[in-house]
Amino acid sequence: MEGVIEMLPKSLASLLGDNFYTVAAPAAAGLAAAYMLYSWRQGRDLPPGPVGLPVLGRLPWISRNQMHRSMMKICQQYGDISSFYLGSRLVIVVNSYPLMKEMLDSQMFSGRPQLRLFKKLTRGCGIIFTEGDVWNQQRRLSLRTLRDFGFARKRTVEMVDEQLDSMFNGFDEIAALYEPVQLLETFLLASNAIVAEMTLGQKFEADDPAMKLVNAIVKKLIEDGIIQGVEFLFPAMERLADLVPASSSLVSDTERLHDMIRGQIRKREAVMKDESVEPQCLCDAYIKEKRQAEKAGDFETFKEHQIIRVTMEFFLAGTDTTARSMEWLLLYMAFYPEVQDRVQNELDSVVGQSRRPRMQDRTELHYTSAVIDETYRKASLVGTGVFHRSVEDATFHGYRIPSDAIIIPLVYGVHHRAEYWERPNEFYPEHFLDDEGRYRSSPYLIPFLIGRRSCVGESLARMEIFLFFTAIMQRYRVRPEPEFAARKEEILAGSIGAFVFPGDYQVTMDRR
Ligand code: HEM
């Protein structure tokens, strides 16, 4: 108890003086009991989990840049479905494949955290942050147009090829100069260019103001995360987010980008006035749908801001993710030269050097396909998933899940469970090979998540990544810069922001 007196502010302690034991101690004990009773009542029937502090919840115990590992530890201690408070948010973490599948297939857990900042940016439009009918309609239409203009199109393969040409020019230059590089920028340029052409039907140069804005916005929203963080943790103080200086610039940057996209839509509308013109990009497809809907009296479903937001969200969800997956793949190759040897030998024997690899080669590139999947698993780019929200009070496996709880599908946990993987903590492409060395997929590999909200760009991303990776491996040897070679474990362990990033590194790219 004396320790408690020392912890009190001096003025308060001296004010109470000798009365401490008669006044303050029972009051403190009463408060503690009231808090425990409150926590107990709040926590009744919830999934098990650790108790936190008032206001902060478990925040002080969760490592900011190792959140995926902290959450996995909690689940290992309390169970495959655990709960605790982060700030004043109730969080439910799910760490097993069957439970995750059941949850993410259910409409009850298919919401998204409704942050004021996101509402301001989206005005209730788009896919990633919406719920209900708007989400349903936009998701269905975007899946259809992605099939028509994305992965199923010859033009997409050509776009990847064009990006490879300019990527190779850059790599050849640095190879000639023996210059070490970081790879992210190169892959960001390529994935941005593909999304831009697919959505807006336009090529952008790397230094185009629109591309610079896209990168700035993605960085603020995804890498910094701090803006949403304030409002996410303490919803009652949502206006605090406005005080984070980056918040207002994020809003104004987003508005500027919306204007640029609007300008491009107007150009496409002029082209599409001629009703015989076939849509060339996502934007055209929306314009066509809009025209049909308006003829039927529906002026809401395809209003201009929907087109703007869906385009914007393809940049948000589809560029950094693809680029970072490529970065992880090449890093694993640099640090596992014996695996790189086997990939290159397989490519030499199946494809040779006279042409670039094609999607059709995939069925024969067993080891290479296993390496790609093992990298998705081991890197677990979207380690803590994309958060969901329970849209109503629910009971799940006997536990109470109140409405508005945050659901965290712990992708990293599923990717590292000993029950699912022979060597969960090693980079082991054999996880995806059968006894005859043939590629076999695994249901426990969920980099794009599963269920009702799973990634709409999965097929496009898989295609881009396969074509980029195989073409680069066919032509270059990737090596860690000697200074970084000794830090393999630290670099590959990575840390988490919105995504799991590798540690600081440099590699060299040598022509084979
Ligand atoms: C390697 C690359 C990628 C990875 C690892 C990835 C991963 C994910 C994940 C984990 C989700 C969350 C699913 C959920 O909440 O249940 C997601 C959602 C989404 N992704 Fe991807 N993604 C990638 C590439 C792309 C691409 C290329 C596009 C589009 C061009 C895209 C568009 C979207 C959209 C629109 C959503 C929101 C879906 C919804 O809320 O219904 N993604 N992605």
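What you see is a predicted model, and the numbers here were worked out from it, not measured in a lab.

About the cut-offs
Residues numbered from 1 in each chain as written. Predicted model: local features only at pLDDT ≥ 70, side-chain atom pairs only at ≥ 80, totals over all residues. Helix = DSSP H or I, 4+ residues; strand = E, 2+ residues; numbered from the N terminus. Contact = placed C-beta atoms within 7 Å. Expected span 1.5 Å × (residues − 1). Buried ≥ 20, exposed ≤ 12 C-beta atoms within 10 Å, placed from the backbone. Near = placed C-beta within 6 Å. Pairing = 2+ DSSP bridges. Core = buried A, V, L, I, M, F, W, Y, C linked by C-beta atoms within 7 Å. UniProt positions renumbered as here; feature names shortened; annotations may be inferred. Axes fitted to C-alpha atoms, helices over the stretch in contact; angles between N-to-C directions. Parallel < 35°, antiparallel > 145°, perpendicular 65-115°, else oblique. Nonpolar A, V, L, I, M, F, W, Y, C, P; charged D, E, K, R; others polar. Left-handed = near helix turned anticlockwise from the far one by under 90°. Arc of directions from axis to C-beta.

A. Broad picture of the overall build of the protein. Within the protein one finds 21 helices and 10 strands. Here the analysis covers contacts within the protein between residues at least 6 apart in sequence; of these, 72% occur between residues at least 24 apart.

B. Region of interest: helix α8 (residues 154-177). With 24 residues, α8 ought to run about 34 Å at 1.5 Å a step, and its terminal C-alpha atoms sit 35 Å apart, in line with that. Where α8 is concerned, the buried positions are T156, M159, V160, Q163, M167 and F171. Along its buried surface, α8 packs onto α9 (184-200), α19 (458-475), β7 (476-480) and β10 (507-511). Y178, located one to two residues past α8, shows a positive phi value of around 55°.

C. The site of the ligand, seen in detail. Not every one of the 26 residues close to the ligand is listed here, only the nearest: A317, G318, T321, C455 and G457. When residues of the shell around the ligand are traced back to their parent elements, those giving at least two are α14 (304-318), α15 (320-335) and α19. Here the element with the most residues in the shell around the ligand is α14; it accounts for four residues.

D. Seen up close, the sheet that holds strand β2 (residues 89-94). Taken in spatial order, the four strands make up an open sheet running β1-β2-β6-β3, and their pairing is mixed. In the strand order of this sheet, the two ends are held by β1 (81-86) and β3 (388-389), each with one partner. In the sheet, β3 pairs with strand β6 (residues 406-409) via two bridges, with the strands oriented antiparallel. Paired with R389 across the bridge in β6 is I406.

E. The arrangement of the environment of A498 in detail. Structurally, A498 can be placed in the loop between β8 (495-496) and β9 (500-501). A498 sits in the partly exposed class, given 19 other C-beta atoms within 10 Å. Residues A498 and V386 lie 112 residues apart in sequence; the distance between their C-alpha atoms is 8.6 Å.

F. Representation of the nonpolar core in the model. In this structure, I92, V93, V94, L330, L410 and F469 are the most contacted members of the largest nonpolar core, which totals 117 residues. Those residues in contact with F469 that lie beyond four places of it in its chain are M326, L329 and I372.

G. Quick look at the pairing of β1. Within β1, six of the six residues are buried, which leaves the element mostly enclosed by the surrounding structure. Residues of β1 alternate between two faces, with I81, S83 and Y85 on one and S82, F84 and L86 on the opposite face, all of them buried. Once β1 ends, the chain turns through two residues before running back antiparallel as β2, passing G87 with a positive phi of about 60°.

H. A look at the UniProt feature "binding site: heme" (unreviewed entry) in the protein. The UniProt feature table records "binding site: heme" (unreviewed entry) at C455. The residue C455 is located in the loop between α18 (411-415) and α19 in this model. Dropping the residues within four chain positions of it, C455 is found in contact with F448 and L449.

I. Structural view of the packing of α15 against helix α17 (residues 366-379). Contact geometry for α15 and α17: axes closest at 10 Å, N-to-C directions at 105°. Judged by the angle between their axes, α15 and α17 are roughly perpendicular. Between α15 and α17, the residues in contact are W328, L329 and Y332 and I372, T375 and A379, respectively. Residues of the contact of α15 with α17, tallied by class, amount to five nonpolar, one polar and no charged.

J. Main features of the packing of α8 against α9. Between α8 and α9, the least distance of the axes is 10 Å, while the angle of their chain directions is 155°. Judged by the angle between their axes, α8 and α9 are roughly antiparallel. Between α8 and α9 the crossing geometry is right-handed. Residues M159, V160, Q163, M167 and G170 of α8 form the contact with α9, whose own contacting residues are T186, A190, A193, I194 and E197. A breakdown of the residues in the contact of α8 with α9 according to their chemical character gives six nonpolar, three polar and one charged.

K. Expanded view of helix α7 (residues 132-149). Helix length check: α7 (18 residues) gives 25 Å between terminal C-alpha atoms against 26 Å at 1.5 Å per residue, within 8%. By the burial criterion, the buried members of α7 are Q138, S142, T145, L146 and F149. Buried residues of α7, seen end-on, are gathered within an arc of 105° and therefore sit on one face of the element. In α7, those exposed residues whose orientation departs by more than 90 degrees from the buried face are G132, D133, R140 and R144.

L. Local environment of the environment of T322. The residue T322 is located in helix α15 in this model. Take T322: there are 25 C-beta atoms within 10 Å of it, and that puts it in the buried class. Along the chain, T322 and A461 lie 139 residues apart, while their C-alpha atoms are 6.2 Å from each other. If we ignore the near neighbours within four places in the chain, the residues touching T322 are S191, A461, E464 and I465.

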